[in-house]
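Spelled out from the first residue to the last, the chains are:
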Amino acid sequence: MIAYYVHHHGSGHRHRAVSIARRLRTPVVGLSSAPEPDGWPGEWVRLPDDADGVDTATADVTAHGTLHWVPLGHQGLRARMAAVSAVLARPDVRALVSDVSVEIALLARLHGVAVVVMAQPGDRLDPAHRLAYDAAERLLAPWPARPQPGWPASWTAKAVHLGAVSRFDDRTAPDPPGPGRVLALWGTGGTEVGAAEVIAAAEATPGWEWEVAGPPSAEPGPGNLRWRGWLADPWPALGAAGVVVTHAGQNALAEVAAARRPAVVIPQPRPFGEQRATAAALSRGRLAVVVPAWPAAERWPGLLDRAVRRGGDRWSHWSRGDGAARAAALLDELGGSAR
């Protein structure tokens, strides 16, 4: 059996975990504070909250800088770790996937369970990440092979570059529509972009129809702007888009890549510079039009035209369509052989 820890912030970790777990031959048990996602193929253990009531201004939540989140004296944390330990104590659990938690990865290794860490872009050379990455048997990198600045040789040697992992990898990319429709695709992880900025962009591009998949807005905006709210399945909207405007989160980019859509990518602030690092890789590979912040309204006509000219074919370098299958095959091998 494989234990699979799924981070509860945003939706991308859950989408990726389901995509991989559904391809496993080995039984899997999910561990998360989040509710069981649709399509999960095995047992799901809902973990207690470990952040309720924590005052980060006064509490030592990092064990003096050695870890990321271990608030002293928090009963939720104790109950959470006890629940994970109960699963790790099962004799048939051979490996744990951490996507992502340094503390859960270390807890598994302390139980004598092999650890696979889902690596993340950005600067991961802090003491806590070093502990988890050093202890891991494998690092799964959900991006194509490329140099990782500062990574020790030992990390590179055990890294498996999957390319993007999307829940849509088993779907055929739709035929490109003609330009004229923009899909602004925002995830649940948060964004600095507000309704006013989107409205200004739509007003500046009257020849384009804008749809926004993300937080709804009480401000309707111009007639060429439609607020869709959260989309459980954005694939039809992706298929209809001539250009996708999105952030640089791994899940959003995996979905854009699966659909092979031209894109304008605007990285959002995240810990460890995660989205900035990803956006820089996209820019180097000329996969999308990348801008560091939401542009002024008058720049949007030119940006959309640039994205159309660049096209979406180069997304094949980012997403081969078999990332989830490759991850599952590695986990099946490790879950069957780890002792």
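The structure this text deals with has already been given above.
Residues numbered from 1 in each chain as written. Predicted model: local features only at pLDDT ≥ 70, side-chain atom pairs only at ≥ 80, totals over all residues. Heavy atoms only, no water.

Trainee: Explanation requested: unusual backbone geometry in the structure shown.
Mentor: The amide bond that connects D99 to the next residue, V100, takes the cis arrangement and shows omega of -10 degrees. Among the secondary structure elements, V100 is positioned in the loop between β4 (95-99) and α3 (102-110). Phi at F272 is positive, roughly 65 degrees, even though this residue is not glycine. F272 sits in the partly exposed class, given a relative accessible area of 34%. With a phi close to 55 degrees, R286 is a non-glycine residue in the positive phi region. By the secondary structure assignment, R286 is in the loop between α9 (274-284) and β13 (289-290). (Helix = DSSP H or I, 4+ residues; strand = E, 2+ residues; numbered from the N terminus. Buried < 20%, exposed > 50% of the residue type's maximum accessible area, 1.4 Å probe, protein only.)

Trainee: I tried to follow the pattern of salt bridges on my own but got confused; where do I start?
Mentor: If you walk through the whole model with that rule in mind, you get 11 salt bridges. Its salt-bridge partner being E43, residue R90 comes within 2.9 Å of it at the nearest N-O pair. Here R90, found in the loop between α2 (75-88) and β4, pairs with E43, found in strand β3 (residues 43-46); they are 47 residues apart in sequence, far enough to count as distant. E211 is paired through a salt bridge with R228; the nearest N and O atoms lie 3.3 Å apart. Highlighted residues: E211 in strand β9 (residues 209-213) and R228 in the loop between β10 (225-227) and α7 (235-240), separated in sequence by 17 residues. (Salt bridge = Lys/Arg side-chain N within 4 Å of Asp/Glu carboxyl O.)

Trainee: Which parts of the structure should I look at to understand the packing of α2 against α3?
Mentor: Helix-helix packing is described using two parameters, namely the angle between the two axes and the distance between the axes. Interhelical geometry of α2 versus α3 gives an angle of 40 degrees and a closest axis separation of 10 Å. Judged on the interaxial angle alone, α3 and α2 are oblique. Handedness of the α2/α3 crossing: right-handed. Between α2 and α3, the residues in contact are M81, V84, S85 and L88 and E103, I104, L107 and A108, respectively. Residues of the contact of α2 with α3, tallied by class, amount to six nonpolar, one polar and one charged. (Axes fitted to C-alpha atoms, helices over the stretch in contact; angles between N-to-C directions. Parallel < 35°, antiparallel > 145°, perpendicular 65-115°, else oblique. Left-handed = near helix turned anticlockwise from the far one by under 90°. Contact = heavy atoms within 4.5 Å. Nonpolar A, V, L, I, M, F, W, Y, C, P; charged D, E, K, R; others polar.)

Trainee: Can you help me understand the side chain of Q250 in this one?
Mentor: Its location among the elements puts Q250 in helix α8 (residues 250-259). At a separation of 2.9 Å, a polar atom in the side chain of Q250 contacts the side chain of R16. Once residues within four sequence positions are removed from consideration, Q250 is found in contact with R16, Q120, P121, P142, W143 and E274. (Polar contact = N/O pair within 3.5 Å; in protein donor to acceptor, adjacent residues only side chain to side chain.)

Trainee: Looking at this structure, how should I read the sheet that holds β10?
Mentor: What holds strands together in a sheet is hydrogen bonding between their backbones, with the strands either parallel or antiparallel. As summarised here, the arrangement of the six strands in space is β10-β9-β8-β11-β12-β13, forming an open sheet in which the pairing is parallel. Only two strands of the sheet have a single neighbouring strand rather than two, namely β10 and β13. Taken strand by strand, α8 contacts β8 (181-185), β11 (243-246) and β12 (263-265), and its axis lies near 175 degrees from that of β11. Here helix α10 (residues 300-310) sits on the sheet in contact with β8, β9, β11, β12 and β13, set at roughly 120 degrees to β11. (Pairing = 2+ DSSP bridges.)

Trainee: I tried to follow helix α4 (residues 127-135) on my own but got confused; where do I start?
Mentor: Counting along an α-helix, one turn takes 3.6 residues, and residues three or four places apart therefore face a common direction. Within α4, burial applies to A128, H129, A132 and Y133. The buried side chains of α4 occupy one side of the element, clustering within an arc of 120 degrees when seen end-on. Residues of α4 that are buried sit in contact with α3, β5 (114-118), β6 (138-141) and α5 (153-158). (Arc of directions from axis to C-beta.)

Trainee: I keep staring at the packing of aromatic side chains and nothing clicks. Help me out?
Mentor: A ring pair, where both rings are aromatic, is described by two values, the distance of the centres and the angle of the planes. As enumerated under the stated definition, the model contains nine aromatic pairs in all. Taking the centre distance of 6.1 Å and the plane angle of 90 degrees together, the rings of Y4 and W40 count as edge-to-face. Residue Y4 is found in strand β1 (residues 2-6), and its partner W40 is found in the loop between β2 (28-32) and β3; the two are separated by 36 residues along the sequence. By relative accessible area, Y4 is classed as buried at 0%. Under the relative-accessibility criterion, W40 is labelled buried at 7%. Look at W210 and W300: their rings are 5.5 Å apart centre to centre, the planes differ by 80 degrees, and that puts the pair in the edge-to-face class. Of this pair, W210 sits in strand β9 while W300 sits in helix α10, and the two are 90 residues apart along the sequence. By way of ring pairs, the aromatic residues W186, W210, W294 and W300 are connected into one cluster. (Phe/Tyr/Trp six-rings, centres within 6.5 Å; stacked < 30°, edge-to-face > 60°.)

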